[in-house]
2 protein chains.
Amino acid sequence: MKVRVTVMLKEGVLDPQGKAISHALQTLGFPGVTEVHVGKVIELDVEGSDQAAVQKQAEDMARDLLANLVIEDFKVEVL
Amino acid sequence: MKVRVTVMLKEGVLDPQGKAISHALQTLGFPGVTEVHVGKVIELDVEGSDQAAVQKQAEDMARDLLANLVIEDFKVEVL
């Protein structure tokens, strides 16, 4: 099954990459952009057909490796 | 309006970060993971209330700055 894990910085954590993109977009002529947050997305092919089990496994992967829970939140979607 | 731009490497482009995660997951005891792709997600707050116009603007941003179209594809979702 395909699983998508999205990892974003927690609210309040400094996001210099977002700030840089926001500034660059202003410079490029997109003045309407007020806020930018950058995160990562990890798409996994996982063996198994039990959606709940795959979801649980992906959450374990996110906690163990994919996200740094001190500064990041994650979201798991089974596709 | 909130817009999410997801940028992933094109099919066939080498993804060393995905390979590294795949290998690390095997080592950590997740043998069922067969394929891993890593991309980035950019969430933007854009002024305006016309969904089609905001979508178009976000696509322009992706082409101009957020994605490298030689090796990456992007997807825009107005939330």
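Before any of the text, the structure's been laid out above.
None of the values given here were measured: they were computed from a predicted structure.

J.: Explain helix α1 (residues 16-27) of chain A to me, and be specific about the residues and the numbers.
T.: End to end, α1 of chain A covers 17 Å across 12 residues, agreeing with the expected 16 Å (1.5 Å per residue, within 8%). For α1 of chain A, the elements touching its buried residues are β2 (33-46) of chain A together with β2 (33-46) and α2 (51-66) of chain B. Just beyond α1 of chain A, the residue with positive phi is Gly29 of chain A, at close to 95 degrees.

J.: Account for the interface of chain A and chain B, with residues named and values stated.
T.: If you look at the interface, chain A gives 31 residues, while chain B gives 31 residues. Across the chain A/chain B interface, buried area totals approximately 2700 Å², and carbon plus sulfur atoms make up 67% of it. Among the residues of chain A in contact with chain B, Phe30, Val41 and Asp45 of chain A are the three that bury the most area, contributing 20% of the side total. Remark: the boundary between chain A and chain B carries zero salt bridges. In this structure, the connection of chain A to chain B is made through 10 residue pairs in polar contact (both at pLDDT 80 or more). Put simply, the parts of the chain that give the side of chain A that touches chain B at least two residues each are β1 (2-9), α1, β2 and α2 (51-66) of chain A. Of the residues forming the side of chain A that touches chain B, the biggest block, 14 residues, is contributed by β2 of chain A. When the residues that make up the side of chain A that touches chain B are grouped by side-chain class, the tally is 16 nonpolar, six polar and nine charged. With 13 bridges joining them, β2 of chain A and β2 of chain B adopt antiparallel strand pairing. What sits directly across from Leu44 of chain A, in β2 of chain B, is Val36 of chain B.

J.: Can you tell me about the pattern of salt bridges, naming the residues and giving the values?
T.: Residue and element names in this part refer to chain B. Applying the stated criterion across every chain, the model contains eight salt bridges over all chains. Notably, a salt bridge pairs Arg63 with Asp60, separated by 3.6 Å at the nearest N-O pair. Of the two residues, Arg63 and Asp60 both sit in helix α2, three residues apart, roughly one turn of that helix. Its relative accessible area of 42% is what places Arg63 among the partly exposed residues.

J.: Outline helix α1 (residues 16-27) of chain B, listing residues and values.
T.: All names here are of chain B. Taken as a whole, α1 has its buried residues at Gly18, Ile21, Ser22 and Leu25. Viewed along the axis of α1, the buried residues span an arc of 100 degrees, placing them on a single side of the element. Those residues of α1 that are exposed and angled more than 90 degrees off the buried face are Pro16, Lys19, His23 and Thr27.

What counts and how
- Residues numbered from 1 in each chain as written.
- Chains lettered and ligands numbered in written order.
- Predicted model: local features only at pLDDT ≥ 70, side-chain atom pairs only at ≥ 80, totals over all residues.
- Heavy atoms only, no water.
- Helix = DSSP H or I, 4+ residues; strand = E, 2+ residues; numbered from the N terminus.
- Expected span 1.5 Å × (residues − 1).
- Contact = heavy atoms within 4.5 Å.
- Buried area = accessible area lost by both parts, 1.4 Å probe.
- Salt bridge = Lys/Arg side-chain N within 4 Å of Asp/Glu carboxyl O.
- Polar contact = N/O pair within 3.5 Å; in protein donor to acceptor, adjacent residues only side chain to side chain.
- Nonpolar A, V, L, I, M, F, W, Y, C, P; charged D, E, K, R; others polar.
- Pairing = 2+ DSSP bridges.
- Buried < 20%, exposed > 50% of the residue type's maximum accessible area, 1.4 Å probe, protein only.
- Arc of directions from axis to C-beta.

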